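Descriptive analysis of the structure
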Amino acid sequence: MRSYTGIVIKGQGRATVLGFPTANIALKDDTVSGIYAARVKVRGAEYLAAVFADQKRKVLEAHLLDYAGDLSSGGGSASGGNEKKITIELHKKIREHKDFTNDADLQAEIGRDVACVREFFLPEADTPLADKNNPIRIMVFGTFDMIHEGHADLFRQARALSPNPYLIVSVARDKVAERIKGMKPRNSEEARRAAVAEHGLVDEAVLGAEDGYMQHIRASNPDIIALGYDQGGEFVESLEKDLKKVGMKTRIVRLGAFKPEVYKTSKLI
């Protein structure tokens, strides 16, 4: 294991556009290169990370798994300043760096890197270990008034959270969708559920609850709940607390964005 501590420096922003934002520090060691499974320490907390040791730009780029904050630049520290100091520990090299001719291929490869990181740290990360008979149950939520490439990427990212996933998609009821979005969906809840159920990346599609949500989640019994990059609303803020209250050890993961300026239902309708 190799450890590097440094002040976060502003990057080019490309990783954020791809849906995998990074925290970058300077790299002075010329003996490491490629992609690594790593741990990153931030203000006393520790996160799993996929890290790119970029010898060309002399930086370590760390994508922190399940981190919802912003480490891109500045933002305050324990000492009261604007600098953010992090420590990156490289544990295992996943692959060599390679160039890609299009963003879709690069995003897919990064998704595989993230899955490799989780798989490497599974015993230490207190994540249920999947096997053939007991796949990891992953649950996502949405309205899905039309299924577009942004949703497909959501499903791909969610499935990448485990080497043996079982993806459950909870489709919002008509009344809930109208309450949250301020308008009725174009398609009925059953039509939306049926369309999601036919998607090749989905193992099971269920209708959500009209009131509350914990009974609905308990019925599906997910090991992981994967939230979209901008998902908020009625239950997200208190989800972790409510899960603990009913004795569930479900992990909550925040997924990355995929071209939100293009693939958003409100913009495609």
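Residues numbered from 1 in each chain as written. Predicted model: local features only at pLDDT ≥ 70, side-chain atom pairs only at ≥ 80, totals over all residues. Heavy atoms only, no water.

As enumerated under the stated definition, the model contains two aromatic pairs in all. With 4.8 Å between their ring centres and 75° between their planes, F120 and F121 make a pair best called edge-to-face. Using a relative accessible area of 0% as the deciding quantity, one classes F121 as buried. Here the aromatic rings of F144 and F155 are separated by 5.9 Å at their centres, their planes lie at 40°, and the arrangement is tilted. Taken together, the positions of F144 in the loop between β7 (136-142) and α3 (149-159) and F155 in helix α3 put the pair 11 residues apart, joining distant regions of the chain. Pair check on accessibility: F144 and F155 agree, each one buried. (Phe/Tyr/Trp six-rings, centres within 6.5 Å; stacked < 30°, edge-to-face > 60°. Buried < 20%, exposed > 50% of the residue type's maximum accessible area, 1.4 Å probe, protein only. Helix = DSSP H or I, 4+ residues; strand = E, 2+ residues; numbered from the N terminus.)

Before going further, it helps to spend a moment on the sheet that holds strand β4 (residues 45-54). Taken together, six strands build an open sheet; the order of strands is β1-β6-β3-β4-β5-β2 and the sheet is antiparallel. The open sheet is flanked by β1 (2-7) and β2 (23-26), the only strands paired with a single partner. On average, each strand axis in the sheet is tilted by 35° relative to the strand beside it, whichever way the strands run. As paired strands, β2 and strand β5 (residues 59-64) are joined by four bridges and run antiparallel to one another. Residue pairing in the sheet places N24 in a bridge with E61 of β5. (Pairing = 2+ DSSP bridges. Axes fitted to C-alpha atoms, helices over the stretch in contact; angles between N-to-C directions.)

Our focus in this paragraph is the sheet that holds β7. Ordered in space as β9-β8-β7-β10-β11, the five strands form an open sheet in which the pairing is parallel. If you trace the sheet from one side to the other, it starts and ends with β9 (204-207) and β11 (251-254), each paired once. Direction aside, neighbouring strands of the sheet carry axes that sit 25° apart on average. Sheet analysis places strand β8 (residues 165-171) next to β9, joined by four bridges and oriented parallel. Bridging across to β9, S170 finds its partner in V206.

In short, geometric facts, not functional conclusions.
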